[in-house]
Amino acid sequence: MAQSKTTKRIFNMAYGIGAAIVILGALFKIQHISIGPLTGGLMLTIGMAVEAIVFFISAFEPIEDDLDWTKVYPELGNAAVSYTHLTLPTICSV
């Protein structure tokens, strides 16, 4: 679903705004603050509902392909890596 840059940007903004509302709602709830109809409980409910909707929709996003790191680090492409040149340090001799 979220394949275009615009859609990804919108989802990132929704995550951030939802999280900010949840944090403010928790603050309002802990401090017993209410501004008119905005109470901590209402803000927590709205923020968590936004987060739940965004997480639900993002569950259906296609999985992106992994990057080919061997193009940047060619040594990762070697299937047979030898570690025979490595030795363990001697702590004490007998």
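Keep in mind that this is a model prediction, so the values were computed, not measured.

Of regular secondary structure, the chain possesses 2 helices and 2 strands. Helices (α) and strands (β) of the chain occur, in sequence order from the N terminus, as α-β-β-α. Split into buried and exposed, the 94 residues of the chain put 12% on the buried side. Within the chain, contacts between residues at least 6 apart in sequence are counted, and of these 53% link residues at least 24 apart. In the structure as shown, the chain presents an accessible area of about 8,100 Å², 68% of it carried by carbon and sulfur atoms.

Here we take up a nonpolar patch on the surface. Taken together, the side chains of Ile33, Ile35, Leu38, Leu42 and Ile46 make up a nonpolar region of the molecular surface, amounting to roughly 400 Å² of accessible area. By the secondary structure assignment, Ile46 is in helix 2 (residues 40-58). The exposure class assigned to Ile46 is partly exposed, which follows from its relative accessible area of 39%.

Attention shifts here to unusual backbone geometry. Positive phi, close to 55°, is recorded for His32, a residue that is not glycine. Looking at the secondary structure, you find His32 in the loop between helix 1 (5-31) and strand 1 (34-35).

For the rest of this paragraph, the subject is the confidence of the model for the chain. Across the chain, the average pLDDT comes to 83, with 86% of residues at or above 70. Model confidence for the chain, summarised as mean pLDDT per element, is weakest for helix 1 at 89 and strongest for strand 1 at 92.

On to helix 1. In this model, helix 1 (27 residues) spans 39 Å end to end at C-alpha, consistent with the 39 Å of a helix rising 1.5 Å per residue. Buried residues along helix 1 sit in contact with strand 1, strand 2 (38-39) and helix 2. Positive backbone phi, approximately 55°, marks His32, located one or two places after helix 1.

Of note, Glu51 is situated in helix 2. One buried charged side chain, Glu51, makes no salt bridge at all; its nearest oppositely charged neighbour is Arg9, positioned 17 Å away. Beyond its immediate chain neighbours, meaning those up to four positions away, Glu51 contacts Ala14, Tyr15, Gly18, Ala19 and Val22.

Before going further, it helps to examine the side chain of Ser58. Looking at the element boundaries, Ser58 is found in helix 2. In contact with Ser58, not counting residues within four places along its chain, are Phe11 and Tyr15.

Before going further, it helps to examine the packing of aromatic side chains. The description of an aromatic ring pair rests on the distance of the ring centres and on the angle between the ring planes. Taken as a whole and assessed by the stated rule, the structure comprises 3 aromatic pairs. Plain terms: the ring middles of Tyr15 and Phe55 are 5.5 Å apart, the flat faces sit at 40° to each other, and that makes the pair tilted. One end of the pair, Tyr15, is in helix 1; the other, Phe55, is in helix 2, and 40 residues separate them in sequence. When the ring of Trp69 is compared with that of Tyr73, the centres are 6.4 Å apart and the planes differ by 25°; the resulting orientation is stacked. Exposure remark for Tyr73: the relative accessible area of 42% places this residue in the partly exposed category.

About the thresholds
Residues numbered from 1 in each chain as written. Predicted model: local features only at pLDDT ≥ 70, side-chain atom pairs only at ≥ 80, totals over all residues. Heavy atoms only, no water. Helix = DSSP H or I, 4+ residues; strand = E, 2+ residues; numbered from the N terminus. Buried < 20%, exposed > 50% of the residue type's maximum accessible area, 1.4 Å probe, protein only. Contact = heavy atoms within 4.5 Å. Areas by Shrake-Rupley, 256 points an atom, 1.4 Å probe, with all protein chains shown as cover. Patch = residues over 30% accessible without salt bridge, like charges linked within 9 Å, V, L, I, M, F, W, Y side chains within 5 Å. Salt bridge = Lys/Arg side-chain N within 4 Å of Asp/Glu carboxyl O. pLDDT = per-residue confidence, 0-100. Expected span 1.5 Å × (residues − 1). Lys, Arg positive; Asp, Glu negative; His and termini not counted. Phe/Tyr/Trp six-rings, centres within 6.5 Å; stacked < 30°, edge-to-face > 60°.

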